[in-house]
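Given next are the chains, with one letter for each unit.
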Amino acid sequence: GHLVIDQVCHGYKDIFRQIVGEPKGALGNAEGDCHINVACPIANPWRNQVNSVVCISIHSPAEGADFLCSGAMINNVRQDKTPYVLSANHCLNDDNNCTFKFYFNYQSPTCNNEPASISPLYRANGGTVCATANLNSSSDFLLLRITGNISNLYADSIVFAGWDATGAGSVGAGIHHPGGDYKKISFPRQVTSSNKYWKTYWYTGSNNKGVTEQGSSGSPLFNANGRIIGDLSTGSSSCEYTSGYDNYGKFSWSWTNNNNSSNAKKLQPWLDPDNTGTLIMDGMHYNGTPAVGIASVAQPVQNLTIAPNPSFGNVNIKGAFDSNSGICNVYDMMGKLISSTTVILEPSINMNFRDLPNGTYIVKVGEQSLKFMKR
């Protein structure tokens, strides 16, 4: 037979990290050193969400170059395991002829960044663009469908992430591949709403809980219930500038893209093809079992107090807080978010929970939480 070379992409950097002792990932090289490996214990409640995130290698013939972005396998209302991946439009670099490779389970096996191998079994080659809209006119989203084979040897570890298209936001987590590096997790301290974007602010100084950088583009923002509410578009944050912020394109905006008439410009026709009107969807393991929410919302800490507890509704919350403002979230014992309120983080906060049904709840302020009984 004859071998024909169709095109060549020259990697002028050591893109597969063959240098001995190099602590970064084999696919890329994160610039910052403040990122948190998903193998760290802090990521344990988010295992389902971690297993949905993939690293994407994108070859652009127009640029003659390869780019690295992040994305997430995403569920659809039929739950038929269609291999959709949500990412960001700008990862295409204005080239409609891009080709794709998807890397699953690309993460360090330990919290201290031990090297991970690049197994061909954890790779799917080939994808097609289903829907997309750019950041100038829309929310900068990209929906891909994997066309290459997904090996049965690792398929059962994959999760199709759930999503929320209602437009409601809450503080959760971002999971991504900074610089195409090993998979990382970041925890925003605050999430605010704008027209087409969620603006996220990160912890600073010694309280750092991760940020994003180039290569994180397209990665999912999960809400407190572990469902996708956005994909990373732009931002100014970095390990050197943790006081910067990031913009995540709103999933709720991308859902219909302001009632766009083209199926190629919105998510709804693909993720709800039967037009059922579903706006909240839970995740699903590749084997079909549900992947609902997060494993736990938080662990109690000693420096947060709620009094009186039990209470008829009016309570006083005290704690040591890292910033001047934040979110007070209330969850039921199944981990479902019941309410979310922006509060001024004074040493003492007065809250009224009279509207809650009698029962036991978890009250979370910032990263501190405590059980509370309403009677």
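You'll find the structure just up there.
Fair warning: this is a prediction, and the values are worked out from it, not measured in the lab. (Residues numbered from 1 in each chain as written. Predicted model: local features only at pLDDT ≥ 70, side-chain atom pairs only at ≥ 80, totals over all residues. Heavy atoms only, no water.)

Draft legend 1. Expanded view of the overall build of the chain. From N to C terminus, the chain includes three helices and 27 strands. For the chain, the C-alpha radius of gyration of 21 Å lies close to 21 Å, the compact-globule estimate for 375 residues. The principal-axis extents of the C-alpha atoms in the chain amount to approximately 80 × 50 × 40 Å. For the chain, with 375 residues in total, the buried portion stands at 53%. When contacts within the chain are restricted to residue pairs at least 6 apart in sequence, long-range pairs at least 24 apart make up 65% of them. Computed over 26 positive and 27 negative side-chain charges, the separation of the two mean positions in the chain equals 8 Å. (Helix = DSSP H or I, 4+ residues; strand = E, 2+ residues; numbered from the N terminus. Rg over C-alpha atoms; globule rule 2.2 N^0.38 Å. Buried < 20%, exposed > 50% of the residue type's maximum accessible area, 1.4 Å probe, protein only. Contact = heavy atoms within 4.5 Å. Lys, Arg positive; Asp, Glu negative; His and termini not counted. Charge placed at Lys NZ, Arg CZ, Asp CG, Glu CD.)

Draft legend 2. Quick look at the sheet that holds strand β3 (residues 65-73). The strand order across the open sheet built from seven strands is β6-β5-β2-β3-β4-β8-β7, with neighbouring strands paired in antiparallel fashion. The open sheet terminates on both sides in strands that have one partner only, identified here as β6 (123-125) and β7 (127-133). Going from strand to strand, the sheet's axes swing by 30° on average, the running direction of each strand aside. Of the strand pairs in this sheet, β7 and strand β8 (residues 141-146) are connected by six bridges, and their pairing is antiparallel. What sits directly across from threonine 128, in β8, is arginine 145. (Pairing = 2+ DSSP bridges. Axes fitted to C-alpha atoms, helices over the stretch in contact; angles between N-to-C directions.)

Draft legend 3. Spotlight on the packing of aromatic side chains. This structure, assessed with the given rule, holds eleven aromatic pairs. Taken together, a centroid distance of 5.7 Å and an interplanar angle of 20° make the contact between phenylalanine 160 and tyrosine 286 stacked. Residue phenylalanine 160 is found in strand β9 (residues 159-160), and its partner tyrosine 286 is found in the loop between β19 (283-285) and β20 (290-291); the two are separated by 126 residues along the sequence. Of the two residues examined, phenylalanine 160 and tyrosine 286, each falls in the buried class. Seen in terms of ring centroids, tryptophan 163 and phenylalanine 251 are 5.5 Å apart; in terms of plane orientation they differ by 20°. Their pairing is stacked. Of this pair, tryptophan 163 sits in strand β10 (residues 163-164) while phenylalanine 251 sits in helix α2 (residues 251-256), and the two are 88 residues apart along the sequence. With relative accessibility at 0%, the residue tryptophan 163 sits in the buried group. Residue phenylalanine 251 is classed as buried on the basis of its relative accessible area of 1%. Site record: aromatic cluster; members linked through ring pairs are Phe104, Tyr122 and Tyr154. The residue whose ring lies beneath lysine 209 is tyrosine 203, and the NZ or CZ to ring-centre distance is 4.1 Å. (Phe/Tyr/Trp six-rings, centres within 6.5 Å; stacked < 30°, edge-to-face > 60°. Lys NZ or Arg CZ within 6 Å of the ring centre and 35° of its normal.)

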